[in-house]
Amino acid sequence: MRTMGSSPRLAPALQELLELLASMRFAIALLTLISIASVIGTVLKQNEPASAYVNQFGPFWAEFFLLLGLPTVYGSSFFLLTLVFLVISTSLCIARNTPKILSELRTFKLHISEQSLKAFHHRGVRAAAASPDAILPRLVADLRHNGWRLSTRQDGPQRWLIACKSGGANKLGYLCAHSAIVLICLGGMLDGD
């Protein structure tokens with residue numbers, strides 16, 4: 001007996017579907033659709049009687065708007081389905097990136113080499129008048145005092161490599177912003193009008 005996970009065709013197809021749902025392009029397309037519908041719902045007064053639309057726009061446009069469901073755009077199945085897909089897409093992004101972000105916040109392992117440091121845009125090379133062994137403790141203390149996480153490695157008798165990292169907690173903003181999108185969309189699904 002085969003299970004769903006053992007099907008050779010289902011696993012890649014399911015993986016591709018999950019990648020599509022979690023992709024930024026898909027989320028941007030959904031946000032574009034929601035934005036267009038929201039503009040329509042903001043410009044066109046919602047949930048008015050049909051006669052109000054006839055009086056304001058004339059019989060042809062009123063019938064056209066009613067046919068498309070524009071007077072009830074926030075409660076339409078199209079809008080609610082778009083919100084559902086946006087919640088799924090954003091939730092998959094959160095689920096995919098949260099472990100990586102939390103791991104980066106908890107641990108700090110920086111494997112440094114002179115060659116890799118030269119590739120960074122923000123770098124500095126300094127020659128010290130005094131012995132590096134005498135300057136290093138003060139430099140490390142100053143960097144830590146200013147919020148830098150760092151890794152040091154001796155690269156020769158009088159040579160040290162120092163790699164610093166700052167702003168790791170900024171990635172919490174990613175989680176907060178995406179969680180807020182999910183919360184707002186859930187609110188929109190619960191009460192579209």
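Described in the following lines is the structure provided in the data block. (Residues numbered from 1 in each chain as written. Predicted model: local features only at pLDDT ≥ 70, side-chain atom pairs only at ≥ 80, totals over all residues. Heavy atoms only, no water.)

## Brief notes about a nonpolar patch on the surface
Heads up, the condition is: Each patch groups residues whose relative accessible area exceeds 30% and which form no salt bridge, using 9 Å between like charges and 5 Å between nonpolar side chains of Val, Leu, Ile, Met, Phe, Trp and Tyr. The method behind every accessible area is Shrake-Rupley, applied with a 1.4 Å probe, and residues are considered shielded solely by the protein chains displayed. Basic side-chain nitrogens of Lys or Arg form a salt bridge, by our definition, when they fall within 4 Å of a carboxyl oxygen of Asp or Glu. Strands are runs of DSSP state E lasting at least 2 residues, helices are runs of H or I lasting at least 4, and numbering of each runs from the N terminus.
A surface patch of nonpolar side chains, amounting to about 520 Å² of accessible area, comprises Phe57, Phe60, Trp61, Phe64 and Leu68. A per-element tally of the nonpolar patch places helix H4 (residues 59–68) first, with 4 residues. Take Phe60: it is sitting in helix H4.

## Observations regarding the pairing of strand S2 (residues 159–165)
Rule in force here: Any two strands with at least two DSSP bridges between them are considered paired.
The pairing of strand S1 (residues 149–156) with S2 spans 7 bridges and is antiparallel. Directly across from Arg149, in S2, lies its bridge partner Lys165. Here S1 folds back onto S2 in antiparallel fashion, the turn holding 2 residues.

## Things to note about helix H2 (residues 24–43)
Put simply, the test is: By this rule, a helix spans an expected 1.5 Å times one less than how many residues it contains. Working definition: with a 1.4 Å probe on protein chains only, accessible area under 20% of the residue-type maximum means buried, over 50% means exposed, and in between means partly exposed. It is the directions from the helix axis to the C-beta atoms that the arc portrays.
Its 20 residues place the ends of H2 28 Å apart at the C-alpha level, agreeing with the 28 Å of an ideal helix rising 1.5 Å per residue. For H2, the set of buried residues is Phe26, Ala27, Leu30, Ile34, Ala37 and Gly41. Down the axis of H2, the smallest arc covering the buried residues is 95°, so these residues share one side. Structural note: H2 exposes Met24, Arg25, Val39, Thr42 and Val43 on the side pointing more than 90 degrees away from its buried face.

## Some thoughts on the nonpolar core
Defined as follows: For this analysis, a nonpolar core means a set of buried residues of the types Ala, Val, Leu, Ile, Met, Phe, Trp, Tyr and Cys, connected via side-chain atoms within 4.5 Å. The contact criterion used is simple: two residues touch if any of their non-hydrogen atoms lie within 4.5 Å.
One finds Ile34, Phe79, Leu83, Leu86 and Cys185 to be the most contacted residues of the largest nonpolar core, which totals 16 residues. Broken down by secondary-structure element, the contributors of at least two residues to this core are H2, helix H5 (77–106) and helix H8 (171–190). Here this core takes 6 residues from H5, the largest share from any one element. Setting aside residues no more than four positions away along its own chain, Leu83 makes contact with Ile34, Cys185, Gly188 and Met189.

## Things to note about the layout of surface pockets
We apply this condition: Put simply, the grid is 1 Å and covers the protein atoms alone, a cavity is a trapped set of points that fit a 1.4 Å probe, a pocket is an open set with protein on both sides within 12 Å along at least five of seven lines, and lining residues have an atom within 4 Å of a point. Grid points are joined across faces, edges and corners, and a volume is the space filled by probe spheres set on the points. Residue polarity follows a fixed list, in which Ala, Val, Leu, Ile, Met, Phe, Trp, Tyr, Cys and Pro are nonpolar, Asp, Glu, Lys and Arg are charged, and the others, Gly among them, are polar.
The calculated volume of the second largest pocket comes to roughly 190 Å³. At the level of elements, H2, H5 and H8 are the ones that each hand at least two residues to the lining of the second largest pocket. The element contributing the most residues to the lining of the second largest pocket is H5, with 5 residues. When the residues that make up the lining of the second largest pocket are grouped by side-chain class, the tally is 8 nonpolar, 3 polar and 1 charged.

## Considering H8
Helix length check: H8, at 20 residues, gives a terminal C-alpha distance of 29 Å against a target of 28 Å (1.5 Å per residue), a fit within 8%. Among the residues of H8, Leu175, Val182 and Cys185 are the ones counted as buried. Down the axis of H8, the buried set is contained in an arc of 100°. They therefore lie on one face. Opposite the buried face of H8, by more than 90 degrees, sit the exposed residues Cys176, Leu183 and Ile184.

## Observations regarding the packing of aromatic side chains
Selection rule: Only Phe, Tyr and Trp rings take part, Trp by its six-membered ring, and two of them pair if their centres are within 6.5 Å. Stacked means planes under 30 degrees apart, edge-to-face means over 60, and tilted covers everything else.
On inspection of all chains with the given rule, the structure shows 7 aromatic pairs. For the ring pair Trp61 and Phe65, a centre distance of 6.1 Å and an interplane angle of 40° mean the geometry is tilted. Residue Trp61 and its partner Phe65 are located together in helix H4, separated by 4 residues, close to a single helical turn. In this structure Trp61 comes out as partly exposed when scored by relative accessible area, which is 42%. Aromatic side chains Tyr74 and Phe79 sit 5.4 Å apart centroid to centroid with 80° between the ring planes, which places their arrangement in the edge-to-face category. Taking relative accessible area as the criterion, Phe79 reaches 6% and is therefore assigned buried. Grouped by ring-pair contacts, the aromatic residues Phe57, Phe60, Trp61, Phe64 and Phe65 constitute a single cluster.

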